[in-house]
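# A look at the structure
One letter stands for each residue in the lines below.
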Protein chains: 2
Amino acid sequence: MLIVQKYGGTSVANAERIMNVARRVVDVARTGKHVMVVVSAQGSMTDTLLEKAREVNPQASMREVDMLLCTGEQQSAALLAMACQRFGHSAISLNAVQVGIEATDLYGNAQIESIRTQRVLTEFEKGNIVIVAGFQGVNGFEDFTTLGRGASDTTAVALAATFGADFCEICTDVDGVYTADPRLVPTAKKLDEIGYEDMLELTASGLQKPHHRAVEMAKRFGVKILVRSSMTDAVGTWIKGDETVERLSVSGLVVDRNVARVSVMGLLDRPGVAFQIFSVLAKAQIAVDVILQSVGGASTRDISFTVEKSDLVQVCKILSENQESIGYDMLTTDENLAKLTVVGAGLSTNFGVASDIFEALYDCGVNIQLISASEIKMQVLVDHKYIAKAAQAVHDKLIGDKNE
Amino acid sequence: MLIVQKYGGTSVANAERIMNVARRVVDVARTGKHVMVVVSAQGSMTDTLLEKAREVNPQASMREVDMLLCTGEQQSAALLAMACQRFGHSAISLNAVQVGIEATDLYGNAQIESIRTQRVLTEFEKGNIVIVAGFQGVNGFEDFTTLGRGASDTTAVALAATFGADFCEICTDVDGVYTADPRLVPTAKKLDEIGYEDMLELTASGLQKPHHRAVEMAKRFGVKILVRSSMTDAVGTWIKGDETVERLSVSGLVVDRNVARVSVMGLLDRPGVAFQIFSVLAKAQIAVDVILQSVGGASTRDISFTVEKSDLVQVCKILSENQESIGYDMLTTDENLAKLTVVGAGLSTNFGVASDIFEALYDCGVNIQLISASEIKMQVLVDHKYIAKAAQAVHDKLIGDKNE
């Protein structure tokens, strides 16, 4: 029996919280299970280190940034091992090199390629709780690479897959996956379980915990995830195989405020024009989300899409530089938007769901700026001032009413 | 041509100082030399990390303490590499595992056994300045071990020896080796050069920079050390082969306030009694310094010795517990002492030096509590209130008068 647990930066932010985590970890180990724990850097450590790097060189090589950042997780891993020892259980912390978490060369956003097992198994044989520094790998040059923000979740799932863990607990500051953010929608309900597919739609649409890539990896390797609180013993939410989960008509709602709309107006109505726009953006590694093409004037088309707010300035610059080759009349942008995503199997089979969404928004007087629908999700952009009202209204209509 | 430079924690305490160090390093690299730089953790980082460890577990395993501490040097190495890049020179930071600084297993106080050369040579071939995290090694279990406080100096000298560096610069917050601490003796003079032997006597007697073990290693491998300021371009002090240095009658004075005297009174005058005392203290790993045996009563002896102040309570406890087996009447202790050490070749050849010391102390009215003399050094214990006066008087008599 092997359990992998992951604790985020908030859960290990200070000595008291580390002791709390250690108590939980040791409790599990005392039941006779092997326990592997993945930790993030303490609290705002990663931001503090990034600020230190920026002070000496805003254009520092990513190799050195990763060398700097990976110390944060090593510190919390060592501290947690010490805390477990205090509760009378032997424990050892390992960084990515020591475990052998082999990753790609791409500094700052590497992918795990394989994980060696020898050192960890040796430590289990010695009776140790194994604490692993999350968020990091080692590449072919024996250098540290980091796996992208939030990637400690991915480390945990990858370890769970490699060592055949019973499941992977992601212990965080929320006690499960909710039908909506409870801070925004007080009537939001905690889900008992959710399938990988629905979960992926939620994380792709702005839900931050657990991390999208971790869920992808869990789906690929069939690792069951339990999302639960690191502070309480509340039952969490299971994320598992779609076939084993009773699919709800609507699994949940996500609100994303980090979104800006760009509209390219007056495009000539000829093939390849959309390709041109998105290829210049792809070259600049800008992620484009919701895309809509609509009829403009008599012989023209408009294309609208959303990007992350922080990319907006660059997007406008790139499109302006390419105005002639793309051939368009004008750009308009809107930053005062928020995106509401509704995810659920019901969207493909139950045509009433879409009309319920529109009705709920109409009833509360919220104007829809843009609509995009796929098989199991629907996304609407609304004025960011009304997003809380919109989320509450849609949640009441689709979930609140029906499940109560 | 290869130069190894070492910068201590004060020299890399913040972004501004790191930029200053980077400018110096890049300036040397631009002259066409290979440069290897060893750095300590920033400012009080090591103490901060130790405090974090103490909070979660005051009895944490040293293995985990080392795992925690070694991140400090890795951080400053990465930051300095970034700063060198900002000045337009490629640079790479390496930790002990990446360099291959193989050390003994003893966590917290390991010794360097050997250093692999491949990675560093590869980085030199690429034209990189190589920045190495000091104070750390990797043991046979692929675990980090630290080399003891102040051991970044040792890392630097070991690297200089391994790679055949022209010399090893120890850049610090003083601009050389002085005949006495200038804060205590304003007339103290900077030495242009000093032999290994004299330097070792000074560092053994309380002089902290450079680190004693680094000088030992430099002597063993014939590495020339240049102690200089990390802030100014002032000429520093060369530490090198005794045969190449013009030996002064008196090389310098050191004051050590971290000293307490213990006197064991009324010991039976029989063989083995001193052995008994010092073997029980050795078992408890207590370092004993100046030792003096004197005539007590008719058939008894007194033995006095000094220990570090922080060890005094434990020493008294151990001796009290063994009073019967050792067989003594009473213990007296004195914490209000300071030790003045005079080092120089003249002490063995020029009998006038010793009497000059006593005369200087007599003239300024300082009472000597205890005297100990060896071939090239003389140590006196005086009341700590008068140590500055004593140091100034002895310095004036032996050095100030003669060299001016």
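Before any of the text, the structure's been laid out above.
On a predicted model such as this, the values are computed, not experimentally measured, just so you know.

### A word on the nonpolar core
In terms of nonpolar packing, the biggest core is built from 90 residues, with V37, L80, M82, C84, I129 and I131 of chain A together with M36 of chain B touching the most fellow members. It is helix α1 (residues 15–30) of chain A that provides the largest number of residues to this core, a total of nine residues. Setting aside its immediate chain neighbours within four residues, M82 of chain A contacts A53, V56, N57, A60, E64, V65 and L68 of chain B. Core analysis: the second largest hydrophobic core is formed by 88 residues, I92 and I112 of chain A together with I3 and M19 of chain B among them.

### Focus on the state of the cysteines
Residues and elements named next belong to chain B. According to the stated counting rule, one finds zero disulfides over all chains in the structure shown. This cysteine, C168, is not joined by any disulfide, and C171 carries the nearest cysteine sulfur, 8.6 Å off. In this structure C168 comes out as buried when scored by relative accessible area, which is 0%.

### Focus: the relation of the copies chain B and chain A
When chain B is fitted onto chain A, the two copies agree to an RMSD of 0.2 Å after a turn of 180° and an axial shift of 0.1 Å. Read as a symmetry element, the transformation amounts to a two-fold axis. The C-alpha atom lying nearest the rotation axis in chain B is that of T71 of chain B; the distance is 2.7 Å.

### A word on the interface of chain B and chain A
Listed as interface residues are 42 residues of chain B and, on the opposing side, 42 residues of chain A. Buried area between chain B and chain A, summed over both chains or domains, comes out near 3400 Å², and the portion from carbon and sulfur atoms is 54%. Three residues stand out in chain B for area buried against chain A, namely V56, E64 and M82 of chain B, and they jointly supply 19% of the buried area on that side. Remark: the boundary between chain B and chain A carries two salt bridges. A salt bridge links D143 of chain B to R119 of chain A; the shortest N-O distance between them is 2.8 Å. Where chain B packs against chain A, one counts 24 residue pairs in polar contact (both at pLDDT 80 or more). Within the residue set of the side of chain B that touches chain A, elements represented by two or more residues are α1 (15–30), α2 (45–56), α3 (62–86), β3 (91–94) and α4 (96–99) of chain B. No other element matches the 16 residues that α3 of chain B contributes to the side of chain B that touches chain A. Of the residues belonging to the side of chain B that touches chain A, the class tally is 24 nonpolar, ten polar and eight charged.

### Quick word on the sheet that holds strand β3 (residues 91–94) of chain A
Residues and elements named next belong to chain A. If you trace the eight strands from one edge of the open sheet to the other, you get β3-β6-β2-β1-β9-β11-β12-β10, paired in mixed fashion. The sheet is open, and its two edges are formed by β3 and β10 (193–195), each paired on a single side. Going from strand to strand, the sheet's axes swing by 20° on average, the running direction of each strand aside. Pairing of strand β11 (residues 225–229) with strand β12 (residues 237–240), which is carried by three bridges, proceeds in the antiparallel orientation. From the neighbouring strand, L226 faces β12, where its bridge partner is W238.

Basis of the calculations
- Each chain carries its own residue numbering, running from 1 in the direction its sequence is written.
- For this description, chains carry letters from A and ligands carry numbers from 1, given in the order in which they are written.
- Where totals are concerned, whole chains, interfaces and linings use all residues; where local detail is concerned, this predicted model gives features only for residues with pLDDT of at least 70, and gives and counts side-chain atom pairs only at 80 or more.
- Computation of side-chain values: all heavy atoms of the structure, hydrogens and water removed.
- To qualify as a nonpolar core, a set must consist of buried Ala, Val, Leu, Ile, Met, Phe, Trp, Tyr and Cys residues joined through side-chain atoms within 4.5 Å.
- Only protein chains enter the calculation, and the probe is 1.4 Å; a residue is then buried if its accessible area is under 20% of its type maximum, exposed if over 50%, and partly exposed in between.
- Strands are runs of DSSP state E lasting at least 2 residues, helices are runs of H or I lasting at least 4, and numbering of each runs from the N terminus.
- Whether two residues touch is decided by their heavy atoms; if any such pair falls within 4.5 Å, the residues are in contact.
- Pairs of cysteine sulfur atoms within 2.5 Å are what we label disulfides.
- Least squares is used to superpose the copies, and the fit set is the C-alpha atoms of residues whose pLDDT is at least 70 in both copies.
- Once two parts are brought into contact, the accessible area they lose, counted with a 1.4 Å probe and summed over both, makes up the buried area.
- The salt bridge definition used is simple: a Lys or Arg side-chain nitrogen within 4 Å of an Asp or Glu carboxyl oxygen.
- Polar contact criterion, stated in full: a pair of N or O atoms within 3.5 Å, where within protein one must be able to donate a hydrogen and the other to accept it, and residues adjacent in sequence count only if both atoms are side-chain atoms.
- For this scheme, ten residues count as nonpolar: Ala, Val, Leu, Ile, Met, Phe, Trp, Tyr, Cys and Pro. Four count as charged, namely Asp, Glu, Lys and Arg, and the remainder, Gly too, count as polar.
- In this scheme, strands are said to pair when DSSP sees at least two bridges between them.
- Lines are fitted to the C-alpha atoms to define the axes, a helix being fitted only along its stretch in contact, and any angle between axes, read from their N-to-C directions, falls within 0 to 180 degrees.

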